[in-house]
Structure formats: structure tokens, C-alpha cells
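Spelled out, the chains give:
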Amino acid sequence: MRLFILGLMTLIPSHIVAGELPAPVTDADYRSIAKAEAELGQLLFYDPILSGNKEVACATCHHPRLGTSDGLSLGIGDGGIGLGPDRVVDPNNLPEQRIPRNAPALFNLGAHEFTVLFHDGRIALDPSRSSGLRTPLDDDMVTGFASLLSAQTMFPVLSADEMAGHYSENDVAKAVRQGLLTGKGGAWDIIARRVAALPDYVEHFTTVYPHIGSADQIGFTDISNAIATFMEFEWRSDTSPFDAFLRDQQELSELASEGMALFYGDAGCSTCHSGAFQTDHNFHAMAAPQIGPGKAARFESHAKDEGRFRVTGDPSDLYKFRTPSLRNVAITAPYGHAGSHASLQAFVKDHLDAVATLKLYDPAQLVLPQLQVDDLRALEDSAEMSAIATAVEQPPVHLTDADIAALTAFLNSLTDPDAMSGRLGVPDTVPSGLKVPN
């Protein structure tokens, strides 16, 4: 392969050291998948039956035609109508607030190296724990989840703003409000019983899982495991032009090649966006503008989002967020933990000197459904803005507009047409008969 064979070194742009480029992705980088389990997960992923009011599916905020996100700076889950930028609030079920963080893309989450998830990394693989997982919940509440990605799916269904609904609206929301999550009559059990009441799902579950012989044996962890398997299968992404380049199958364009040289060279992007999927899976403070309600406890009234600090309590983690993978980044706008930037090129430009550009940020670029809330509270708080800027440790990088255009061209080479369309696609119908987000 061109990157590792000395005789082909002349084919690499002169600014790049061969060893700095990642090795091509292979099957060994991923967990093996049973297609029948993925097909069951596909139905569940698109079925609103998992939400408290039976109106929101996983796909509502993670749709393939929106880059497995929702195309919004901050989404509207329960209490919304429509999809993506066309989503509006339901006047008969007004949301209390926007979802506090931008919906992340779902590409390559089945790869072995993804051992920490969410913008703040609040769930992670942890061999020291009996469950093998570190989450905000007790270990005895997370048994039965087959993977970290499976464990991730337990949180949106419990979130009032995302899928559960608010307080007295439905049986799931009531259980969450009472702190009843696991066990008979808990929120997860209520959802599992809904699914188990549908013969089509029972047939799928008893066929896919040897430990399930009847409807009453279907548990929430089985639902979660199937959804995770679907996501792993559907959105594996390793057939982009960049992947073809690494496999010595095609050249990048001249502009993308220049951008790659900058990315892995003078621009220093690969310091954080390293490895096969352009992420170090670590946390960095980069002064991305804070928009929306923030992550405040019920008794707090601020609009801050202190990022990793809320997980660790370590002041050195203030305003740090997980480095996102850049696979398919060109189709996953808006960008930033709060979706502050609608344009990839604009985000790249601001990212290079985050402290200076934070002061100049223009909120007109936000993509937000109309909702009578104050989305700019944090931006108007001078003390908060100063704290966000002070947390940045990386020095600014000075590039020309031509350099930024080249970097953007390289980032476009990470777009994978196969992953964009998915392998199973969007089902026409789901066993519940509820409306499929589309």
C-alpha cells in the first residue's frame, strides 16, 4: 500500500510523513454482525412505539437523509412534528425546552475503538466494573446490554425532552418521574411490554434470540441490543474516497490532497482528529459557542454546558467535549456540541482560532425550530463567555482562505456514499403501524 511501501513514498504529498496517516480500515476493526438481528433492530429504530407518547422514533433525531443526525442545531424530540429543518413544535404538546445538545452522527459506532460515547463521555467501557460499563446508573441497572452502543440507547427513551414525554403525559413518563426505570412496571419494562404485545415483533425476537421463547421473555435490553446491531450494520463507513486512497485504489483530487497535507501536517488537525476515524476519543475545550438550555439540574437556572466536567467533577475538564469522528462530516451539519455552525467551512475557520472568533460569533446561522425560549442566554453572559474562552489550551492556527478551502475539500473526501444510503434503508412500515419518520 502506498503509505507504507518505501518505493511508493513519492506518491504522498511532500508535507506528509507516511507514518502519520492511518492504516486502511478492515473487517477486524468491527464487531461481527448477524443480519437477522440488524433487520429486527431496523424496525425498532424507526418505530415510534419506543417513545412515551408513541410519536418519536430513534430515527426522528438520527435520520439517514440528514446524515444520521437531524439537520438542526438543537433538536425537538417529544412535542415536535415533522423531520429535520422542517420540524415544528406541536401546539397541542409544547416542549419545555430544546434538546440541550446537537444530535451526533451514528457512523462507525460498531468499531472496536469506540469505547466512550456522548459529547461528555458519560458512558464508557470499564473493565473494572462488574457490568463492564461506566454509566450514570448503578451497575445492576445495566446488566444485559451486549455492547456500549446498546447501553447508549437506554438514555433517550428516559429523557423527557427526547422520547419519554413530560411527567403525567403517559405511563413511561410517569415511571421516569417516579424513578422507576428497571424491574416490573419500570419505564423499560413498559416499553418492552408494548413491543411484546405485537405478534410480528414476537416472531422476530423468538427467531433471532435463542434465549427468548415467548413474548413475556422480551426485555428492554433485547430491544436495545437489536437497535445497536442495526446501527453497527447500517452505518459502517469505510468506503469513502479517502478510504480508497489509503487502499491504493484511487487518487484524491489535487485540492483534497493539499488539504490532507495540511490536516496531517502544518494545520495540526490530526493531533486530536487522529486514527482511522479521525478522533482521539478524548476531550478538549475548543470554545464552541454555547446555545440553548445547557445542562442544568432541575434546581439550577443557568444555561451553561460545562461538558466533561459534569461527568468527572475535575475543574480541568471544564468546557471540554469529546472529539467527534470526522467521517461523513460534510453531511452532518450543523456543527459543535450545540450546533452553533451551519457551514463546515465556517466552523473550520472559527475552530482554528476559537477564542478570537467566539467574540465575533453570529447566531443568525443557527438552525432552530421556532420555540418561545431564550436560546442565547449563555452568549449574553460575559462571565460565561470568558470562562469558555479561558478553558481553551490549544494555540491558534493561522491559515489562509485557500488553505481552509483545501481542508474542506479533504473533509469532503471522507464522505461515504454507501454509508449515506445505508444497507437496509428506511422501512415502509413497522409492526406497530405507527408513522415511520421519513
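Below is a summary of the structure that appears in this document. Bear in mind the structure is a predicted one, so any value in this text is a computation, not a measurement.

**Here we look at the overall build of the chain**
Here is step 1: Secondary structure assignment for the chain yields 16 helices and seven strands.
Here is step 2: Taken against the 2.2 N^0.38 rule, which gives 22 Å for 438 residues, the C-alpha radius of gyration of the chain at 22 Å falls within 12% of a compact globule.
Here is step 3: Pairs at least 24 apart in sequence give 66% of the contacts found in the chain among residues at least 6 apart.
Here is step 4: Of the roughly 18,500 Å² that the chain leaves accessible, carbon and sulfur atoms contribute 53%.
Here is step 5: Distance between charge centres in the chain, computed from 31 positive and 56 negative side chains, equals 5 Å.

**Re the pattern of salt bridges**
Here is step 1: As enumerated under the stated definition, the model contains 13 salt bridges in all.
Here is step 2: Measuring nitrogen to oxygen at the nearest pair gives 2.8 Å for the salt bridge that ties Arg-98 to Asp-375. Placement of the pair is Arg-98 in the loop between strand E2 (88–89) and strand E3 (116–117) and Asp-375 in the loop between helix H13 (354–358) and helix H14 (382–390), with a sequence separation of 277 residues. There is no split in this pair, since Arg-98 and Asp-375 are both buried.
Here is step 3: Asp-139 is paired through a salt bridge with Arg-129; the nearest N and O atoms lie 3.7 Å apart. One end of the pair, Asp-139, is in the loop between strand E5 (133–134) and helix H3 (148–152); the other, Arg-129, is in the loop between strand E4 (123–125) and E5, and ten residues separate them in sequence.
Here is step 4: Salt bridges sharing partners connect three or more residues here, namely Asp-27, Arg-236, Asp-238 and Arg-247.

**Quick word on the sheet that holds E3**
Here is step 1: The strand order E3-E4-E5 describes an open sheet built from three strands, whose pairing is antiparallel. Edge positions in the sheet fall to E3 and E5, since each has one partner strand and no second.
Here is step 2: Relative to E5, E4 runs antiparallel, the two sharing two bridges. Following the sheet pairing, Ala-124 is matched in E5 by Arg-134.

**Digging into the packing of helix H1 (residues 35–45) against helix H7 (residues 199–208)**
Here is step 1: At a minimum axis distance of 10 Å, the contact between H1 and H7 shows a crossing angle of 150°. Taken together, H1 and H7 sit at an angle that is classed as roughly antiparallel. Regarding H1 and H7, the two cross each other, and that crossing is left-handed. Only Tyr-201, His-204, Phe-205 and Val-208 of H7 make contact with H1, whose side of the interface consists of Ala-36, Glu-37, Leu-40, Leu-43 and Leu-44.
Here is step 2: Tallied by class, the residues present in the contact of H1 with H7 amount to seven nonpolar, one polar and one charged.

**Topic: unusual backbone geometry**
Here is step 1: Between Ala-333 and Pro-334 the backbone carries a cis peptide bond, its omega angle lying at -5°.
Here is step 2: In this structure, Pro-334 sits in the loop between strand E7 (321–322) and helix H12 (344–352).
Here is step 3: In this structure, Asp-248 is a non-glycine residue whose phi angle is positive, near 65°.
Here is step 4: Counting through the fold element by element, Asp-248 comes out in the loop between helix H9 (241–246) and helix H10 (254–263).
Here is step 5: Its identity is not glycine, yet Tyr-319 carries a phi of approximately 65°, on the positive side.
Here is step 6: Along the chain, Tyr-319 turns up in the loop between helix H11 (309–312) and E7.

**As for the environment of Val-202**
Here is step 1: With respect to the secondary-structure elements, Val-202 resides in helix H7.
Here is step 2: Accessibility expressed as a relative area gives 18% for Val-202, which makes it buried.
Here is step 3: Residues Val-202 and Leu-376 lie 174 residues apart in sequence; the distance between their C-alpha atoms is 47 Å.
Here is step 4: In this structure, Val-202 is in contact with Ala-196, Ala-215 and Ile-218, ignoring residues within four places of it in sequence.

**Section: the environment of Ala-406**
Here is step 1: With respect to the secondary-structure elements, Ala-406 resides in helix H15 (residues 401–412).
Here is step 2: Discounting residues that sit within four places of it in the chain, Ala-406 has contacts with Leu-255, Ala-256, Glu-258, Gly-259 and Leu-262.

**Observations concerning the state of the cysteines**
Here is step 1: Within this structure, the stated rule accounts for zero disulfides.
Here is step 2: Unpaired in this structure, Cys-58 has its nearest cysteine sulfur neighbour in Cys-61, at a distance of 9.3 Å.
Here is step 3: The exposure class of Cys-58 is buried, given its relative accessible area of 14%.

**Observations concerning the environment of Ile-76**
Here is step 1: Mapped onto the fold, Ile-76 is located in the loop between helix H2 (58–61) and strand E1 (80–81).
Here is step 2: Each C-alpha atom of the pair Ile-76 and Leu-368 lies 8.9 Å from the other, and the pair is 292 residues apart in sequence.

**Structural notes on the nonpolar core**
Here is step 1: In this structure, Leu-44, Phe-45, Leu-50, Met-154, Tyr-201, Phe-205 and Ile-223 are the most contacted members of the largest nonpolar core, which totals 65 residues.
Here is step 2: Going through the elements one at a time, H1, H2, H3, helix H4 (160–164), helix H5 (171–177), helix H6 (187–196), H7 and helix H8 (220–234) are the ones with two or more residues in this core.
Here is step 3: When neighbours within four sequence positions are excluded, Ile-223 is seen to be in contact with Leu-44, Leu-50, Ile-191, Ala-192, Val-195, Phe-205 and Ile-218.

**A short note on the packing of aromatic side chains**
Here is step 1: Under the definition given, this model contains 18 aromatic pairs.
Here is step 2: On the numbers, 6.0 Å between centres and 75° between planes, the contact of Tyr-264 with Phe-410 is edge-to-face. Of this pair, Tyr-264 sits in the loop between H10 and strand E6 (283–284) while Phe-410 sits in helix H15, and the two are 146 residues apart along the sequence.
Here is step 3: A relative accessible area of 3% means that Tyr-264 is categorised as buried.
Here is step 4: The exposure class assigned to Phe-410 is buried, which follows from its relative accessible area of 0%.
Here is step 5: An aromatic cluster is present here, built from Phe-45, Tyr-46, Phe-230 and Trp-235 joined pairwise through their rings.

**Points about the side chain of His-273**
Here is step 1: When you line up the elements, His-273 lands in the loop between H10 and E6.
Here is step 2: Assessed through its relative accessible area of 12%, His-273 is described here as buried.
Here is step 3: A polar contact of 3.0 Å, which involves the side chain of His-273, links it to the backbone oxygen of Gln-278.
Here is step 4: Excluding its chain neighbours within four sequence positions, the residues that come into contact with His-273 are Phe-263, Gln-278, Thr-279, Thr-323, Pro-324 and Leu-326.

The rules we used
- Residues numbered from 1 in each chain as written.
- Predicted model: local features only at pLDDT ≥ 70, side-chain atom pairs only at ≥ 80, totals over all residues.
- Heavy atoms only, no water.
- Helix = DSSP H or I, 4+ residues; strand = E, 2+ residues; numbered from the N terminus.
- Rg over C-alpha atoms; globule rule 2.2 N^0.38 Å.
- Contact = heavy atoms within 4.5 Å.
- Areas by Shrake-Rupley, 256 points an atom, 1.4 Å probe, with all protein chains shown as cover.
- Lys, Arg positive; Asp, Glu negative; His and termini not counted.
- Charge placed at Lys NZ, Arg CZ, Asp CG, Glu CD.
- Salt bridge = Lys/Arg side-chain N within 4 Å of Asp/Glu carboxyl O.
- Buried < 20%, exposed > 50% of the residue type's maximum accessible area, 1.4 Å probe, protein only.
- Pairing = 2+ DSSP bridges.
- Axes fitted to C-alpha atoms, helices over the stretch in contact; angles between N-to-C directions.
- Parallel < 35°, antiparallel > 145°, perpendicular 65-115°, else oblique.
- Left-handed = near helix turned anticlockwise from the far one by under 90°.
- Nonpolar A, V, L, I, M, F, W, Y, C, P; charged D, E, K, R; others polar.
- Disulfide = S-S within 2.5 Å.
- Core = buried A, V, L, I, M, F, W, Y, C linked by side-chain atoms within 4.5 Å.
- Phe/Tyr/Trp six-rings, centres within 6.5 Å; stacked < 30°, edge-to-face > 60°.
- Polar contact = N/O pair within 3.5 Å; in protein donor to acceptor, adjacent residues only side chain to side chain.

Geometry only, nothing functional implied.
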